Amino acid sequence: MRREVIYDEVFDAQLQFRIIMDGMAHPGKIKELPSLDIHPPNQLNTGSALIGFALLNSDVSFHVSEENSTTVSSYIAMNTSAQPKAIESADFIFIKGYEEAVCIEEAKKGSLSYPEDSATFIVDVDQLSDEFFADAVKVSLSGPGVKTQNTFYVSGIHEELLNEVKNQNEEFPLGVDLMLTDKNCNLICIPRSSQFLIG
């Protein structure tokens with residue numbers, strides 16, 4: 001497993017952090033992460049790896065819910081110094097969009113005293129677009145950061161997974177945050193404060 005020597009832990013991380021925060025402030029809007037020449041395992045989108053590099057450090061934990069989790073976990077740990085943990089206690093959870101919705105149920109949702117103590121899901125999907133394309137799932141967001149409604153289309157994700165996120169976030173400020181990345185380093189954020197319709 002290789003360490004990414006081309007990645008600048010100050011300059012690159014700051015740039016990506018600003019893009020991620022802008023995405024969280026504008027739910028449902030496509031943001032483009034810079035396509036750096038890094039080499040994550042085939043089981044992990046480059047965009048998801050870049051999010052990990054920007055947000056993870058030795059003070060936080062992560063979980064990889066995927067059949068090839070050992071390879072991905074080793075890569076993330078080596079490049080971020082974050083510690084892998086069980087899904088129930090992890091701060092960041094890396095999954096594929098086709099995984100079972102039960103993983104959303106298992107993650108921590110925060111408490112009324114500490115709502116920020118909740119998990120962020122970083123989800124690999126196939127394609128994100130603001131225009132319809134074949135086999136895409138339509139998602140429409142409203143709430144803070146959205147003037148009226150933001151609509152996007154996504155492939156490579158189970159609708160059941162999105163529905164479970166919606167269910168878990170009904171008791172805001174409790175819930176989970178979602179970051180979707182596709183194979184072209186596009187990013188869409190769905191904070192737990194967002195309301196959304198599927199289909």
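Just above, that's the structure.
Now for a quick tour of the structure. Throughout this description, residue numbers start from 1 for each chain and increase along the sequence as written. Totals for whole chains, interfaces and linings use every residue, but because this is a predicted model, local features are given only for residues with pLDDT of at least 70 and side-chain atom pairs only at 80 or more, for both listing and counting. The side-chain numbers reported here are obtained from all heavy atoms of the structure, hydrogens and water having been left aside.

Notes on the overall build of the protein
Argument step 1. Here a helix means four or more residues in a row that DSSP labels H or I, a strand means two or more in a row labelled E, and each is numbered from the N terminus. The number of helices and strands found in the protein is five helices and eleven strands.
Argument step 2. Only C-alpha atoms enter the radius of gyration; for comparison, a globular chain is expected to reach 2.2 Å times N to the power 0.38, where N is the number of residues. Rg of the C-alpha trace for the protein: 16 Å, near the compact-globule value of 16 Å for 199 residues, within the 12% margin.
Argument step 3. Burial here depends on accessible area, computed with a 1.4 Å probe over protein chains only, as a share of the maximum for the residue type. Under 20% is buried, over 50% is exposed, and the range in between is partly exposed. Counting every position in the protein, which comprises 199 residues, the buried fraction comes to 54%.
Argument step 4. Charge convention: Lys and Arg are scored as positive, Asp and Glu as negative, and His as well as the terminal groups of each chain are ignored. Taken as the charge location is NZ of Lys, CZ of Arg, CG of Asp or CD of Glu. Computed over 14 positive and 30 negative side-chain charges, the separation of the two mean positions in the protein equals 5 Å.

Observations regarding helix α2 (residues 46-55)
Argument step 1. Most of α2 sits inside the fold, with nine of its ten residues counted as buried.
Argument step 2. Where α2 is concerned, the buried positions are Gly47, Ser48, Ala49, Leu50, Ile51, Gly52, Phe53, Ala54 and Leu55.
Argument step 3. Note on contacts: a residue pair qualifies if any of its non-hydrogen atoms lie within 4.5 Å across the two residues. Where the residues of α2 are buried, they touch α1 (11-25), α3 (69-80), β4 (92-96), β5 (120-124), β9 (177-181) and β10 (186-190).

Quick notes on the sheet that holds β10
Argument step 1. Read from one edge to the other, the open sheet built from seven strands follows the order β1-β10-β9-β5-β4-β2-β3, with strand pairing classed as mixed. In this open sheet, the two strands that pair with only one neighbour each are β1 (31-32) and β3 (83-84).
Argument step 2. Pairing between two strands is assigned when DSSP locates at least 2 bridges connecting them. In terms of strand pairing, strand β2 (residues 61-65) meets β4 through four bridges, oriented parallel. When the bridges of β4 are listed, phenylalanine 62 appears paired with phenylalanine 92.
Argument step 3. Only the stretch in contact is used when fitting a helix axis, every axis being a line fitted to C-alpha atoms; angles between N-to-C directions are given from 0 to 180 degrees. Most of the contacts of α2 go to β9, to which it runs at about 135°, and overall it touches β4, β5, β9 and β10.

A look at the packing of aromatic side chains
Argument step 1. Here is the rule: rings of Phe, Tyr and Trp (six-membered ring for Trp) pair when centre to centre is within 6.5 Å. Planes less than 30 degrees apart are stacked, more than 60 are edge-to-face, and the remainder are tilted. The full count for this structure, using the stated rule, is three aromatic pairs.
Argument step 2. Judged by centre distance (6.4 Å) and plane angle (90°), the ring pair of phenylalanine 62 and phenylalanine 94 falls under edge-to-face. Within this pair, whereas phenylalanine 62 is found in strand β2, its partner phenylalanine 94 is found in strand β4, the two being separated by 32 residues in sequence. As far as burial versus exposure is concerned, phenylalanine 62 and phenylalanine 94 are alike and both buried.
Argument step 3. Measuring from centroid to centroid gives 5.7 Å for phenylalanine 132 and tyrosine 153, while their planes differ by 85°, and the two rings are edge-to-face. Remark: tyrosine 153 occurs in strand β8 (residues 150-155) and phenylalanine 132 occurs in the loop between β6 (127-129) and β7 (137-142); sequence separation between them is 21 residues.

Observations regarding the side chain of threonine 181
Argument step 1. Mapped onto the secondary structure, threonine 181 falls in strand β9.
Argument step 2. On the accessibility criterion, threonine 181 (0% relative accessible area) is buried.
Argument step 3. With near-sequence residues (within four places) excluded, threonine 181 lies in contact with Asn45, Gly47, Ser48, Ile51, Val123, Asp124, Val125, Leu128, Asn186 and Leu187.

As for the pattern of salt bridges
Argument step 1. Salt bridges are defined by distance alone: a side-chain nitrogen of Lys or Arg within 4 Å of a carboxyl oxygen of Asp or Glu. Under the criterion given, the structure shown has six salt bridges.
Argument step 2. Residues joined in a network through salt bridges with shared partners are Asp91, Lys108 and Asp117.

With respect to the environment of valine 72
Argument step 1. Tracing the backbone through its elements, the reader meets valine 72 in helix α3.
Argument step 2. For the pair valine 72 and phenylalanine 196, spaced 124 residues apart in the sequence, the C-alpha separation amounts to 30 Å.
Argument step 3. If we skip the residues at most four places from it in the chain, valine 72 touches Pro41, Gln43, Leu44 and Val64.

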